[in-house]
2 protein chains.
Amino acid sequence: MKLKEFAHQLGLSPTTVSRALSGYPEVSEKTRQRVAEEAVRLGYRPNINAVRLVTGRAGAIGAVMGRKGEFQFSEFMIGMAERLDGEDIDILVSPMAEQETRDEIQIYSRLVTSGRVDALIVHSPRPEDERIRLLHKLGVPFLVHGRSETEVPHAWLDIDNEGAIRRATSHLLDLGHRRIAMINGGAGYTFSIHRDKGYRDALEERGIAFDPRLVVHGHFTDELGFRFARSLLEQSPRPTAFVAGSMMTALGVYRAVRSRGLVVGRDISVIAHDDVFPYLTAENMVPSLSATRSSMRAAGARAADLVLQLLGGRPADEIHELWPVELILRESTGPAPAEARS
Amino acid sequence: MKLKEFAHQLGLSPTTVSRALSGYPEVSEKTRQRVAEEAVRLGYRPNINAVRLVTGRAGAIGAVMGRKGEFQFSEFMIGMAERLDGEDIDILVSPMAEQETRDEIQIYSRLVTSGRVDALIVHSPRPEDERIRLLHKLGVPFLVHGRSETEVPHAWLDIDNEGAIRRATSHLLDLGHRRIAMINGGAGYTFSIHRDKGYRDALEERGIAFDPRLVVHGHFTDELGFRFARSLLEQSPRPTAFVAGSMMTALGVYRAVRSRGLVVGRDISVIAHDDVFPYLTAENMVPSLSATRSSMRAAGARAADLVLQLLGGRPADEIHELWPVELILRESTGPAPAEARS
DNA sequence: TTGAAAGCGTTACCAC
DNA sequence: GTGGTAACGCTTTCAA
């Protein structure tokens, strides 16, 4: 059913009906009421593409999913959905296929210049990020989830990775650990750099020398967690504690520790970063996992909220939000074994 | 840049440019060539919403994400993206927020009647599924990922859950296990029902009585895997083997087994269903996990392919695809302990 | 092979 | 408070 036909059935003009449905103030309350009821009864809904054409709005926020299919992504999206529910704004997901023909920049460029999205969310930025530069140039509103040093003004939302890892590392140092390994995220991402910094600063505060052999970078998978941890545990003297970049990494670390006949929480302490997943919880691991925690879902909800503000005209360089991260101590952390103390 | 302006710069009419870009046969090869080059050079891209309005196509496939944010969902989406890459079709994700105001049916209804999507994918169907009935009634193409007995004709793609679990259970029976517990998915979903059937059939083949206390249903989380397994292990005689519905469930089961001082693969055998995740692999678990395996990503790619066929006019009731499932034996399965054999 | 013009279904600007 | 009407940017007959 089209507007014209629907309006005709009501004995009103398309104009009035359109206004009634869009909640314009000038239409009388009784008319609005009637139009709303009849729309439901007759099943009329505006054609979204006509609306988009005439208003110039795409009615969608774009999110480009990483090539690796990060498991955090869906949590973030659910968060966005919670906030977007009832806003009549869709989430357009452009996952980059693993063997993509187009490169990342092209995907962003196409999304924007063809008018598919009103705004974009940029994940896992780097200090110098071409995507940010591009989106700024294109003049489309966007929010960076994470931080970047790219010189153009941009809105961002990030968690305090540096502070989180600093505290985690400090805590391990408090417990007497001196050789603390860190399995960080992929090299080059700002969040990895921040975590590296948090780690090094904690060491420095105690005057402990930084040993580059103790820090490794890679994707957040159980496989890498396992392999890195195995190999780190072969060092002599071996590390007595691990800082793991993700829950999946922690799973791998737990396995590696066990496979060496060691016990997590006694021989080896572990702290991981937990994005809070409904299907995998730090609390339930055995032993329960000490973690720096920040809800990815909450970040998604807030990100959607901030994008809405951006769309509402709030200046991008006014939106800079840094979230503190909780440190939750559980059973996986304990005093360093006496023989390892310095 | 708009078509009119772009065409003007080329000294051509909008008509010709449009045809050249859309690959119509009547335009001369040299003109097409030139238009294509200039489009890239000047950065012209058709406004997608105008195209959509005039063609009546939405240029998007909808996928409604489950309320729980299932971790399988992103893998499926990446698969879709792989197939859709270069097709100029977007994936529109409507995650249902946890405390949703609208119900599921309304989400589907809105997606379709407002013209946001050309086709939809329905996940986790039930034998009687109102969504399927609705989409059929609305006349929109859709593909069911999973199976349903809903009487309207519909395209579907599913894996052989029943056969997979039958084989898994049979294998455990071959190993001498007699008390085999199954931690299945949520009750009511067709895939859970099929898995239940595969399990019961395997028992029946050997003339072993079905004990309802050994089968439980719930979401695929490590927490439920752990809690169910803990509680099942308290039975006397206790089960000597587990069939776990997902990798996350298996993680919980492993923990529960260990927490009882038992050893997976020796005291307790475990087989899980593995959707193949890049970040969590059955092979790397300790002990490595025997699994029924089917790639969720491949399913997503094929699903996108089938939807494209649907959009191309292939009749829905011609599209019924049932995928076999591999059974991969690793270290988590072994002979039943002698004292437990009957 | 190319071009002019009529829509596609809505919103929003002006009148009334 | 309500109703005409001109866009929105493109595709697609119909003519040339």
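A quick note: this is a predicted structure, and the numbers were derived from the prediction, not measured.

Reading guide: rules and limits
Residues numbered from 1 in each chain as written. Chains lettered and ligands numbered in written order. Predicted model: local features only at pLDDT ≥ 70, side-chain atom pairs only at ≥ 80, totals over all residues. Heavy atoms only, no water. Near = heavy atom within 4 Å. Polar contact = N/O pair within 3.5 Å; in protein donor to acceptor, adjacent residues only side chain to side chain. Helix = DSSP H or I, 4+ residues; strand = E, 2+ residues; numbered from the N terminus. Nonpolar A, V, L, I, M, F, W, Y, C, P; charged D, E, K, R; others polar. Pairing = 2+ DSSP bridges. Axes fitted to C-alpha atoms, helices over the stretch in contact; angles between N-to-C directions. Contact = heavy atoms within 4.5 Å. Buried area = accessible area lost by both parts, 1.4 Å probe. Salt bridge = Lys/Arg side-chain N within 4 Å of Asp/Glu carboxyl O. Buried < 20%, exposed > 50% of the residue type's maximum accessible area, 1.4 Å probe, protein only. Domains from an automatic or database assignment. Right-handed = clockwise from strand over helix to strand, strands pointing away. Phe/Tyr/Trp six-rings, centres within 6.5 Å; stacked < 30°, edge-to-face > 60°. Lys NZ or Arg CZ within 6 Å of the ring centre and 35° of its normal.

Draft legend 1. Broad picture of the protein's contact with DNA strand D. For DNA strand D, the set of nearby residues contains 26 residues, the closest of which are A:Thr16, A:Arg19, B:Leu3, B:Ser18 and B:Tyr24. Counting only atoms of DNA strand D within 4 Å of the protein, the sugar-phosphate share comes to 58%. Take A:Thr15: an N or O atom from its side chain is 2.9 Å from a base oxygen of DNA strand D. Within the contact set of DNA strand D, a sugar or linking oxygen lies 3.3 Å away from a backbone nitrogen or oxygen of A:Glu26. The greatest single-element share of the surface near DNA strand D, amounting to four residues, is contributed by helix H4 (residues 48-55) of chain B. A breakdown of the residues in the surface near DNA strand D according to their chemical character gives 11 nonpolar, 10 polar and five charged.

Draft legend 2. Focus on the sheet that holds strand E6 (residues 180-184) of chain B. Residues and elements named next belong to chain B. Strand order in the open sheet formed by six strands is E7-E6-E8-E9-E10-E12, and the pairing between neighbours is mixed. Every interior strand has two partners, whereas the edge strands, strand E7 (215-217) and strand E12 (326-328), have only one. Pairs of neighbouring strands in the sheet enclose a mean axial angle of 15°, with direction left out of account. By the bridge criterion, four bridges tie E6 to strand E8 (residues 241-244) in an arrangement that is parallel. Bridging from a neighbouring strand, Ala181 pairs with Phe242 of E8. On top of the sheet, helix H8 (residues 161-174) reaches E6, E8, strand E9 (269-274), strand E10 (290-293) and E12; it is set at about 170° to E8, its chief contact. Of the strands in this sheet, E6, E7 and E9 are in contact with helix H9 (residues 190-205), which crosses E6 at around 170°.

Draft legend 3. Main features of the interface of chain A and chain B. If you look at the interface, chain A gives 58 residues, while chain B gives 58 residues. Taken together, both faces of the contact between chain A and chain B bury some 5,100 Å²; the carbon and sulfur share is 53%. For the pair chain A and chain B, the number of links is eight salt bridges. Among the ionic pairs, A:Asp90 bridges to B:Arg110, the shortest N-O distance being 3.3 Å.

Draft legend 4. Inspection of the environment of A:Lys137 at higher detail. All names here are of chain A. Note that Lys137 resides in helix H7 (residues 130-138). Residue Lys137 is classed as exposed on the basis of its relative accessible area, which comes to 67%. Put simply, Lys137 and Val152 are 15 residues apart on the chain and 9.0 Å apart in space, counted from C-alpha to C-alpha.

Draft legend 5. Structural context of the domain arrangement of chain A. We note that the domain assignment places domain 1 (3-55), domain 2 (60-159 + 296-325) and domain 3 (161-294) within chain A. Here domain 1 of chain A and domain 3 of chain A have C-alpha centroids that lie 58 Å from each other.

Draft legend 6. Broad picture of unusual backbone geometry. Residues and elements named next belong to chain A. Residue Pro237 is bonded to the preceding Ser236 through a cis peptide linkage, with omega at 0°. In this fold, Pro237 is placed in the loop between helix H10 (222-233) and strand E8 (241-244). Cis peptide bonds are those with omega within 30 degrees of zero, and the linkage from Val286 to Pro287 qualifies with -5°. Of note, Pro287 is situated in the loop between strand E9 (269-274) and strand E10 (290-293).

Draft legend 7. Spotlight on the pairing of E8(A). Residue and element names in this part refer to chain A. Burial along E8 is two-sided: Ala241 and Val243 facing one way and Phe242 and Ala244 facing the other are all buried. With four bridges joining them, E8 and E9 adopt parallel strand pairing. Within the sheet, the bridge partner assigned to Ala244 lies in E9 and is Ala272. Remark: the E8/helix H11 (residues 247-259)/E9 crossover connection has right-handed handedness.

Draft legend 8. Structural context of the sheet that holds strand E7 (residues 215-217) of chain A. All names here are of chain A. Reading across the sheet, the six strands line up as E7-E6-E8-E9-E10-E12 and stay open at both edges, with mixed pairing between neighbours. On the outer flanks of this sheet lie E7 and strand E12 (326-328), each paired with one strand and no other. Shown here is a sheet whose adjacent strand axes are inclined to one another by a mean of 15°, direction ignored. Sheet topology places E10 next to E12; three bridges connect them, and they run antiparallel. Looking across to E12, one finds that Ala291 is bridged to Ile328. In the packing of H10 onto the sheet, the strands contacted are strand E6 (180-184), E7 and E8, and the crossing angle to E6 comes to about 155°.

Draft legend 9. View of the pairing of E10(B). Judged from the four bridges that link them, E9(B) and E10(B) form a sheet pairing that is parallel. Bridging across to E10(B), B:His273 finds its partner in B:Thr292.

Draft legend 10. Looking closely at the packing of aromatic side chains. As enumerated under the stated definition, the model contains 14 aromatic pairs over all chains in all. Between A:Tyr199 and A:Phe210, the aromatic rings sit 6.2 Å apart at their centres with planes inclined by 80°, giving edge-to-face as the arrangement. With a gap of 11 residues between them, A:Tyr199 in helix H9 (residues 190-205) and A:Phe210 in the loop between H9 and E7 connect regions that are remote in the sequence. A:Phe210 sits in the partly exposed class, given a relative accessible area of 29%. Plain terms: the ring middles of B:Phe277 and B:Tyr279 are 5.4 Å apart, the flat faces sit at 25° to each other, and that makes the pair stacked. Taken individually, B:Phe277 and B:Tyr279 each receive the classification buried, so the pair is uniform in this respect. Among the aromatic side chains, those forming a connected cluster through ring pairs are A:Phe71, A:Phe277, A:Tyr279, B:Phe71, B:Phe277 and B:Tyr279. Here the basic side chain of A:Arg126 rests over the ring of A:Tyr189, its NZ or CZ set 4.6 Å away from the ring centre.

Draft legend 11. Looking closely at the protein's contact with DNA strand C. Near DNA strand C, the surroundings consist of 26 residues, among which A:Lys2, A:Leu3, A:Ser18, A:Tyr24 and B:Arg19 are the closest. The share of sugar and phosphate among atoms of DNA strand C within 4 Å of the protein is 62%. In the model, a base nitrogen of DNA strand C is placed 3.3 Å from a nitrogen or oxygen of the A:Arg19 side chain. At a separation of 3.4 Å, a phosphate oxygen of DNA strand C approaches a polar backbone atom of B:Ser28. Those elements that provide at least two residues to the surface near DNA strand C are helix H2 (14-22) and helix H4 (48-55) of chain A together with helix H2 (14-22) and H4 of chain B. Class assignment for the residues of the surface near DNA strand C results in 11 nonpolar, 10 polar and five charged.

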